Structure formats: structure tokens, C-alpha cells
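Spelled out from the first residue to the last, the chains are:
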Amino acid sequence: MDTIKPRVILLPGGGAPAALEFSALLTALGPDVDAVAKDLEVFAGPTPPPAYTLDDEVAAVFRFADERGWDRFHLVGYSGGGAVALATAARVPGRLESLALFEPAWAGSWGWTEPHERLWRRYEELRSLPPHEFVPTFLGLQVGPGIAVHPPFDPADPPVWMANRPAGILAFLDTFATYDLDRNALAGLAAPVYYALGSDSNPDEFEEIATKLAGVFDDFRLEVFEGRNHLAPPHALEPDRVAGSLAALWDGASRTPAGAGAAQTGEDP
């Protein structure tokens, strides 16, 4: 009897298109995993969709899975894609076999500490910056104190796909400010959850989110990568190690009964 390959959707952040963001990890996962990198809807056009919210992304994830005939699947999200992955898990947790988070950019507006609130006030201040200051300031907020920021491209000659990134990031900030990520719905996820954390990432954001989510999910697995940060992430620089951790996650998830957590779900958007 043939073994069914793990079916995986990978969601990127705002820094690069999905295929580029996950190129190293996709290679490390190899042919025994049916993994597809999906771009975010907020960056699909020259400007964000009208009245954009995380629900647009959630609906697109389920359409993407349905087009492939995937009733259940593993979901991986990095940065903004991690926030989308959490919103997806809250909507219909019974469809996820596992959830892997690579430093989600946001994880709900509840349970914030004062340092986390200060950080988000700084994010709001980005709105007043001219474009040439926006990106470097935004990137600087992603890493810990004293960590040098090295943009992945020449700011004087950015790639074409960077043109809509500032507007998309602001659209993310807008939906984060108003979106209701239901803590109880997240707690209904019976599948295992993996969280990759860089030791040099901004602790007021990504370490705090890890601590908060550890109190939400029954099966929460944190892995810390020394010397890595949000802009030099483990999935890009240590893809083999991350691939091994994901394989262990998916192996454990294969023993989770299909439909677990379904009693807490709503209908697909």
C-alpha cells in the first residue's frame, strides 16, 4: 500500500514571494512531501484588495486546498503568513493536521504585555514615514537589541515585487488592529503546533507570542535557533534542520484522529 505524502501549504511573510521565501526549505523537504508555497492575497495586485482583512487570506487558503482535493492538510506560516495560519486554524481547526509557525507577525490582540504594546505603538508610527524610511525602520523592529539589519536586496535597486510591499504591510497592520482572533477557537485545535524562534529576534514580539500561544495549544512544541532572527530565519539558513523538525511534527500528527477538534469549528469561509 502506497504511503500518502504529507500535504503541506506554506505561507510567506511580507519580505519575498512564497517560492523565493521557501526555496531552500522546499528543497530540503524533498519529493516525499507534497508541499506548495502559496503567495498571500494582500500582495496579489499593485494595491491590497479593497476592505482587506485576514478573512480574505483564510478563504484563499481553503480554496487553494480545495482545488487540490485536500480535505485535511498541514499548514506552515512565516511572519504575516503565520498570522494568516493562526486565523485559518481558528476558523476550521478540524481541517488542519498540524500547524507550524515561524515567528508569526501577530497572534491576536489579547494578553499583551506592556513591552508588546509599546512595540505596536512603534509599528503605528511607521505610517508617518516616507517610503525610503519605512522599510529599514520596519525591518529594524523585527530583531533584538544590537542585532544588525541586512536588507536582502539593494535598497537603491529593489526587486520588482517590492513595489507593493509597504502598502501590503500597512494593510496587515490595519487588519491586525480590528481582527477578532478567537482564543477559544484556537484552543479547539487538537493538532500539534510547532513554533520556530530565532534567539536574535525581537523578544517583545516573537518570544512573547511563543509564550502566549504555549498557553493556548495543548500540544505546543517550541524550538529555539541560536543566532537566527526574523530577517535571517531558520527555514532559510538551516532548512535541513527545520525540515527534520517538520517531519517529526507531521509524523506525530498522522496519529491524530481525522476530524479531531471539529466540534469547535464553523463552516469554511
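Let me sum up the structure you'll find in this document. (Residues numbered from 1 in each chain as written. Predicted model: local features only at pLDDT ≥ 70, side-chain atom pairs only at ≥ 80, totals over all residues. Heavy atoms only, no water.)

1. Some words on the overall build of the protein
So, step 1. If you tally the helices and strands in the protein, you get 11 helices and 6 strands.
So, step 2. Computed over the C-alpha atoms, the radius of gyration of the protein is 17 Å, within 12% of the 18 Å expected from 2.2 N^0.38 for a compact globule of 269 residues.
So, step 3. Taking as baseline every contact in the protein between residues at least 6 positions apart, the subset at least 24 positions apart corresponds to 79%.
So, step 4. Element-wise, carbon and sulfur atoms account for 53% of the exposed surface of the protein, whose accessible area totals about 11,900 Å².
So, step 5. If you average the places of the 19 positive and of the 38 negative side-chain charges in the protein, the two averages end up 3 Å apart. (Helix = DSSP H or I, 4+ residues; strand = E, 2+ residues; numbered from the N terminus. Rg over C-alpha atoms; globule rule 2.2 N^0.38 Å. Contact = heavy atoms within 4.5 Å. Areas by Shrake-Rupley, 256 points an atom, 1.4 Å probe, with all protein chains shown as cover. Lys, Arg positive; Asp, Glu negative; His and termini not counted. Charge placed at Lys NZ, Arg CZ, Asp CG, Glu CD.)

2. Quick word on helix H11 (residues 239–253)
So, step 1. Over its 15 residues, H11 extends 20 Å from the first C-alpha to the last, a length consistent with the 21 Å expected when each residue adds 1.5 Å.
So, step 2. For H11, the set of buried residues is Pro239, Val242, Ala243, Ser245, Leu246, Leu249, Trp250, Gly252 and Ala253. (Expected span 1.5 Å × (residues − 1). Buried < 20%, exposed > 50% of the residue type's maximum accessible area, 1.4 Å probe, protein only.)

3. Here's the deal with the side chain of arginine 95
So, step 1. Its place among the elements puts arginine 95 in the loop between helix H4 (80–91) and strand S4 (96–102).
So, step 2. Reaching out from arginine 95, the side chain makes a polar contact with the backbone oxygen of aspartate 71 at a distance of 2.8 Å. (Polar contact = N/O pair within 3.5 Å; in protein donor to acceptor, adjacent residues only side chain to side chain.)

4. Topic: the packing of helix H3 (residues 54–67) against H4
So, step 1. Contact geometry of H3 with H4 gives a least axis separation of 9 Å together with a crossing angle of 70°. Judged by the inter-axis angle, H3 sits roughly perpendicular to H4. Facing Leu54, Asp55, Glu57, Val58, Val61 and Phe62 of H3, the residues of H4 in contact are Ala83, Val84, Ala87, Thr88 and Arg91.
So, step 2. Of the residues belonging to the contact of H3 with H4, the class tally is 7 nonpolar, 1 polar and 3 charged. (Axes fitted to C-alpha atoms, helices over the stretch in contact; angles between N-to-C directions. Parallel < 35°, antiparallel > 145°, perpendicular 65-115°, else oblique. Nonpolar A, V, L, I, M, F, W, Y, C, P; charged D, E, K, R; others polar.)

5. Comments concerning the sheet that holds strand S2 (residues 34–37)
So, step 1. The 6 strands are arranged S2-S1-S3-S4-S5-S6 in an open sheet whose pairing can be described as parallel. This sheet does not close on itself; its edge strands, each paired only once, are S2 and strand S6 (220–225). Neighbour-to-neighbour, the strand axes of this sheet turn through a mean angle of 15°, independent of strand direction.
So, step 2. Sheet topology note: the strand S3 (residues 73–78)/S4 ladder contains 6 bridges and is parallel. Bridge pairing in S4 places histidine 74 opposite serine 98.
So, step 3. Most of the contacts of helix H9 (residues 203–214) go to strand S5 (residues 193–198), to which it runs at about 160°, and overall it touches S4, S5 and S6.
So, step 4. Packed on one face of the sheet, H11 meets strand S1 (7–11), S3, S4, S5 and S6 and runs near 155° to S4. (Pairing = 2+ DSSP bridges.)

6. Brief notes about the environment of leucine 186
So, step 1. On the secondary structure map, leucine 186 appears in helix H8 (residues 183–187).
So, step 2. A sequence separation of 18 residues divides leucine 186 from aspartate 204, and the C-alpha atoms of the two residues are 22 Å apart.

7. A few points about the side chain of glutamate 238
So, step 1. As for its position among the elements, glutamate 238 is in the loop between helix H10 (234–237) and H11.
So, step 2. Setting aside chain neighbours within four positions, we find glutamate 238 in contact with Phe225 and Arg228.

8. Details of the nonpolar core
So, step 1. Of all hydrophobic cores here, the largest spans 62 residues; its most connected members are Leu99 and Phe217.
So, step 2. Looking at which element gives the most residues to this core, the answer is H4, with 7 residues.
So, step 3. Setting aside its immediate chain neighbours within four residues, leucine 99 contacts Leu75, Ala85, Leu86, Ala89, Leu189, Pro192, Val193, Tyr194, Phe217 and Leu249.
So, step 4. Among the nonpolar cores identified, the runner-up in size contains 18 residues, and Val8, Phe22, Val33 and Phe102 belong to it. (Core = buried A, V, L, I, M, F, W, Y, C linked by side-chain atoms within 4.5 Å.)

Treat this as a map of the structure, not an account of what it does.
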